[in-house]
Amino acid sequence: MNRRFTRILITLTAFVTGLLICGGVWAQGDVNKDTDYRKLKPPGSYGTVIMNSYSKESSAVNPVVFPHWAHRGKYTCKACHTDLGFKLKANTTGVTQADIEGGKYCAACHNGTVSFGANECNRCHSYGIQVKENSKIEDSLKGLPTDHFGNKVNWVSAANDKKITPGAAPGGKNDLTSLDLDIIIPVTKFTPHPPDVKFPHKPHTEQLDCATCHPSIFKQQKGGNTDMSMMKIISGQYCGTCHTKVAFPLDDCFRCHSQPPPKIEEPKADEKAAEKK
Ligand code: HEC
Ligand code: HEC
Ligand code: HEC
Ligand code: HEC
Ligand code: HEC
Ligand code: HEC
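Reading the values: the criteria
- Residues numbered from 1 in each chain as written.
- Chains lettered and ligands numbered in written order.
- Predicted model: local features only at pLDDT ≥ 70, side-chain atom pairs only at ≥ 80, totals over all residues.
- Helix = DSSP H or I, 4+ residues; strand = E, 2+ residues; numbered from the N terminus.
- Buried ≥ 20, exposed ≤ 12 C-beta atoms within 10 Å, placed from the backbone.
- Contact = placed C-beta atoms within 7 Å.
- Near = placed C-beta within 6 Å.
- Core = buried A, V, L, I, M, F, W, Y, C linked by C-beta atoms within 7 Å.
- Nonpolar A, V, L, I, M, F, W, Y, C, P; charged D, E, K, R; others polar.
- pLDDT = per-residue confidence, 0-100.

In terms of regular secondary structure, the protein chain is built from 12 helices and 4 strands. Across the 277 residues of the protein chain, 18% fall into the buried class. In the protein chain, 54% of the contacts between residues at least 6 apart in sequence involve partners at least 24 apart.

Every one of the 22 residues lining ligand 5 counts as a neighbour, but V156, C239, C242, A247 and F248 are closest to it. If you list the elements that add at least two residues to the shell around ligand 5, you get helix 6 (155-160), strand 4 (197-200), helix 7 (201-205), helix 8 (210-213), helix 10 (240-243) and helix 11 (253-256).

The biggest cluster of nonpolar side chains holds 7 residues, and these are W69, L141, L144, V153, W155, A158 and A159. Every residue in contact with W69, bar those within four places of it in the chain, is listed here: G47, I137, L141 and N151.

Moving on, we get to the site of ligand 2. The environment of ligand 2 is formed by 22 residues, the closest being C106, C109, S115, N134 and S135. Where the shell around ligand 2 is concerned, the elements lending two or more residues are strand 2 (64-67), helix 2 (77-83) and helix 4 (121-124). Per element, the largest residue contribution to the shell around ligand 2 is 3 residues, and it comes from strand 2. A breakdown of the residues in the shell around ligand 2 according to their chemical character gives 15 nonpolar, 5 polar and 2 charged.

Quick look at the confidence of the model for the protein chain now. Across the protein chain, the average pLDDT comes to 86, with 81% of residues at 70 or higher. Counted against residues more than four places away or in other chains, residues 4-32, with its pLDDT under 50, gives 27 contacts.

Note: most peptide bonds trans; most residues except glycine with negative phi. Cis rather than trans, the peptide bond between T191 and P192 has omega equal to -5 degrees. Residue position: P192 is located in the loop between strand 3 (182-185) and strand 4. The residue N91 is not glycine, and still its phi comes out positive at about 60 degrees. Position of N91 among the secondary structure elements: in the loop between helix 2 and helix 3 (97-101). Judged by local crowding, N91 falls into the partly exposed class, with 16 C-beta atoms found within 10 Å.

Positionally, C213 belongs in helix 8. As a C-alpha pair, C213 and C239 span 26 residues in sequence and 9.6 Å in three-dimensional space. For C213, the residues in contact, after removing those within four places along its chain, are L208 and F218.

For G47, the location among the structural elements is in the loop between helix 1 (2-27) and strand 1 (48-51). When the 22 C-beta atoms within 10 Å are taken as the criterion, G47 is described as buried. In sequence terms G47 and V246 are 199 residues apart; their C-alpha atoms lie 4.4 Å from each other.

Further remarks concern the environment of A79. Its location among the elements puts A79 in helix 2. Judged by the 24 C-beta atoms lying within 10 Å of it, A79 falls in the buried class. Sequence spacing of A79 and G172 is 93 residues, and the spatial spacing of their C-alpha atoms is 7.0 Å. Once residues lying within four places of it in the same chain are set aside, the contact partners of A79 are L84, A168, A169 and G172.

As structure tokens, this is what we get:
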């Protein structure tokens with residue numbers, strides 16, 4: 001029984017390691033159509049939202065392309081998602097061009113002073129066209145600490161190293177309170193289990209309001225989210241609200257499953273003898 005358990009665990013560890021190595025190889029450019037295990041999004045389209053709730057019906061303009069990576073260096077998540085009222089799900093905010101012309105939403109900054117103005121239609125309505133004024137991710141994020149997944153930037157290190165200093169929106173307040181509280185989420189719903197998960201409040205509360213997560217995404221109680229599972233996370237709930245779309249993607253298993261792995265038990269002496277027979 002124990003040996004079977006050990007074997008399954010080794011297989012699982014090998015599988016997960018395999019996935020990670022694939023990621024590493026991909027990062028070196030060696031994964032192609034024949035060898036990749038599945039397509040990873042190119043870094044420039046990870047976290048890029050296509051806003052087309054109105055524009056798809058109007059032939060006058062292309063849908064809007066909003067790149068998170070072009071904004072994360074200057075602004076916290078809270079600046080846009082709490083202070084300016086953008087929702088955490090694509091095409092649910094209901095921005096109209098009248099809002100833009102009235103200085104709301106994007107135009108809190110895209111007013112010709114903080115950044116380009118609302119008259120430069122194509123820079124936002126850029127779906128399906130090349131806009132030469134808009135930058136490429138590799139030029140824009142040059143020099144930031146790298147990572148294998150998502151935008152291929154380690155946003156936490158970038159902020160810790162002061163390479164970026166995300167702050168408030170114009171007129172907003174930078175009043176986030178960083179909470180240094182790690183929560184270990186034990187992985188109990190699956191045997192053999194992968195390493196337990198460590199949820200660090202610190203990098204999250206430097207970017208996000210408590211109310212973004214509590215209570216709408218997580219009950220504010222250790223072990224209180226009994227319904228959480230990896231499947232739900234993959235389908236975009238719980239951690240997956242952000243870690244499938246904008247924050248580093250789920251491919252990076254061990255960045256969450258970061259606790260020391262469960263010990264693989266040595267076969268006992270009598271089992272070893274039995275194996276020899
Ligand atoms: C400059 C403004 C801005 C900043 C900063 C920002 N966002 Fe967003 N975010 C948006 C907009 C705009 C949308 C699209 C909303 C819509 O379509 O209704 C969006 C959508 C999202 C979505 C949903 C994406 C989808 O495909 O459904 C998530 C998740 C998200 N943001 C997370 C974050 C996180 C996490 C941060 C901080 C690291 C962040 N955002 C920072 C403006 C911003
Ligand atoms: C809180 C301020 C702020 C808000 C809100 C904001 N932006 Fe920006 N945006 C900026 C700034 C500043 C830059 C310039 C970034 C730079 O030069 O590093 C920028 C750059 C851009 C770029 C150019 C990126 C590139 O490739 O060079 C696009 C496109 C863009 N924003 C679209 C949008 C859209 C669409 C919205 C609303 C859905 C929006 N922005 C909301 C501040 C904002
Ligand atoms: C700073 C970014 C930005 C700029 C610049 C911009 N728009 Fe928009 N516009 C948006 C966003 C965001 C939406 C909402 C998209 C959606 O959800 O479909 C929108 C929606 C629209 C819509 C459809 C909704 C409605 O209210 O009718 C039209 C038409 C439109 N824009 C025209 C224009 C024109 C014309 C210009 C140039 C004069 C322009 N936009 C410049 C961001 C921008
Ligand atoms: C990114 C989402 C997120 C944000 C933002 C966030 N939390 Fe949490 N919080 C969690 C998760 C996940 C747990 C653990 C829930 C579980 O174990 O099921 C938690 C648990 C807690 C707990 C329970 C600790 C215990 O021992 O029972 C407290 C208290 C808490 N958070 C306070 C805060 C405060 C205060 C803020 C703002 C400064 C905040 N959280 C911001 C996700 C978040
Ligand atoms: C509301 C959005 C949101 C939710 C929900 C969320 N995260 Fe995050 N998380 C972020 C952002 C933003 C970062 C910064 C790094 C990045 O963007 O890649 C981050 C970073 C992290 C880091 C990296 C810390 C480091 O030091 O490198 C870990 C680990 C992490 N999250 C685990 C979790 C876990 C586990 C959950 C669910 C229990 C969760 N997160 C839920 C937005 C979120
Ligand atoms: C953003 C953080 C995060 C990432 C990245 C992540 N997981 Fe998880 N995973 C969790 C959390 C949180 C749980 C615990 C759910 C619970 O039981 O409460 C979990 C649970 C699990 C479980 C136990 C089954 C279950 O549904 O609870 C397995 C197996 C698992 N993860 C595998 C993986 C693999 C393989 C990867 C990489 C492909 C991965 N995880 C990436 C957060 C993450």
